[in-house]
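In case you want the letters, here they are:
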Amino acid sequence: LEFVFKIDEDYAESDWWDPDRRWLKAGTLEVALQSLIRFRVLSSARLFSDAYKVSEEEILLACDDDAYLLKNKTLSLNDRNDVSLKDDSEMFEHFCMEKTQIDSKTEVLKSEFKKDLLIFGGFEQTIFNFLENTFTSLLGYTPLEEFCVFNRHLAFRTWSRWDNVLYLARLPDLEELFEIHNDGVPIIKKSLEKVKHTEEKPFYNFSADSISDLQQIFRKRQFEVLTFRAWKASMKKALYESDYDRFVFWAFNGIFEWLS
């Protein structure tokens, strides 16, 4: 029994022990955020302008002429410590953390309100702890915080800018979309039925070319790969978005894809 008890105790004290499925939830949420939130658009004035049809000058004015818009590590650190931008639970944790730093001489109470910097994997966690201690001793802080599992996208927590940017894009006027039917029920305006997708005035996120034949899709993709059209398009898109990591990836992947 003593042996079994010690095994259970070692399990519970290990970093990877996940009784509340926190690691699984963090991974699932990360995938959901990547699919729903356009992080690259939120960190580029040009891409934000293209996506939401707002002038770059207006966007930069709302973000203090910061070309990275909502992604700013320095501002994020200030906003995360700004009590006026916190909700009730965050304010509670903030004041509790301040009190433990003043009154407590032990690390036990501090750990209750301070989130550990965790990396998935034992070997990776060991390397990270070494780098964290090195940076902390040299700089007084660690620049690796945003690479941790529960601290992703810290640079986007610039709460003081979000309200200024979120409502820049033009919102649709309901009176332009709906009209009142004879029975008093609002319906979509019949005049909108005449609006069609054209090359002069295209619909956003709409493609007139709908291909349902899988063989036709395959042949089209094969043609684009063999003629390097897909490679050129991917390289051009990466350069336009200033995504140089993806540019280097496609420089090699396009050739490998063509050879395969």
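The rules behind each value
- Residues numbered from 1 in each chain as written.
- Predicted model: local features only at pLDDT ≥ 70, side-chain atom pairs only at ≥ 80, totals over all residues.
- Heavy atoms only, no water.
- Patch = residues over 30% accessible without salt bridge, like charges linked within 9 Å, V, L, I, M, F, W, Y side chains within 5 Å.
- Areas by Shrake-Rupley, 256 points an atom, 1.4 Å probe, with all protein chains shown as cover.
- Salt bridge = Lys/Arg side-chain N within 4 Å of Asp/Glu carboxyl O.
- Helix = DSSP H or I, 4+ residues; strand = E, 2+ residues; numbered from the N terminus.
- Core = buried A, V, L, I, M, F, W, Y, C linked by side-chain atoms within 4.5 Å.
- Buried < 20%, exposed > 50% of the residue type's maximum accessible area, 1.4 Å probe, protein only.
- Contact = heavy atoms within 4.5 Å.
- Lys, Arg positive; Asp, Glu negative; His and termini not counted.
- Polar contact = N/O pair within 3.5 Å; in protein donor to acceptor, adjacent residues only side chain to side chain.
- Axes fitted to C-alpha atoms, helices over the stretch in contact; angles between N-to-C directions.
- Left-handed = near helix turned anticlockwise from the far one by under 90°.
- Nonpolar A, V, L, I, M, F, W, Y, C, P; charged D, E, K, R; others polar.

Q: I tried to follow a nonpolar patch on the surface on my own but got confused; where do I start?
A: Among the surface-exposed residues, Leu174, Leu177, Phe178, Ile188, Leu192, Val195 and Phe203 lie close enough to one another that they form a single nonpolar patch of about 600 Å² accessible area. As for its placement among the helices and strands, Phe203 is situated in the loop between β2 (186–188) and α11 (214–226).

Q: Just checking my understanding: could you explain the nonpolar core for this structure?
A: Where a protein is soluble and globular, its nonpolar side chains tend to be buried together. In terms of nonpolar packing, the biggest core is built from 17 residues, with Leu42, Phe48, Ile59, Leu69, Leu70 and Val165 touching the most fellow members. Here the element with the most residues in this core is helix α3 (residues 45–52); it accounts for three residues. In this view, Phe48 contacts Val41, Leu42, Lys53, Ile59, Leu69 and Val165; residues no more than four positions away in its chain are not counted.

Q: It is not clear to me how unusual backbone geometry should be interpreted in this structure. Could you clarify?
A: Excluding glycine, a negative phi dihedral is what most residues carry, and trans is how most peptide bonds are arranged. Unusually for a residue other than glycine, Asp64 sits at a positive phi of about 55 degrees. The backbone phi angle of Asp65 is positive, close to 60 degrees, even though this residue is not glycine. Within the secondary structure layout, Asp65 lies in the loop between α4 (56–62) and α5 (73–80).

Q: Can you walk me through the side chain of Lys86 in this structure?
A: Positionally, Lys86 belongs in the loop between α5 and α6 (88–103). Comment: no salt bridge for buried Lys86; closest opposite-charge side chain is Glu90, at 5.5 Å. From its side chain, Lys86 meets the backbone oxygen of Arg80 in a polar contact 2.3 Å long. Excluding its chain neighbours within four sequence positions, the residues that come into contact with Lys86 are Arg80, Asn81, Met91 and His94.

Q: What exactly am I supposed to notice about the packing of α11 against helix α13 (residues 244–259) here?
A: Any two packed helices are characterised by how steeply their axes cross, that is the angle between the axes, and by the distance between the axes. The interhelical angle for the contact between α11 and α13, taken along N-to-C directions, is 115 degrees, at an axis separation of 9 Å. The two elements α11 and α13 meet at a crossing, and its hand is left-handed. Contacts between α11 and α13 involve Arg221, Val225 and Leu226 from the first element and Trp250, Glu257 and Trp258 from the second. Looking at the contact of α11 with α13, its residues break down into four nonpolar, no polar and two charged.

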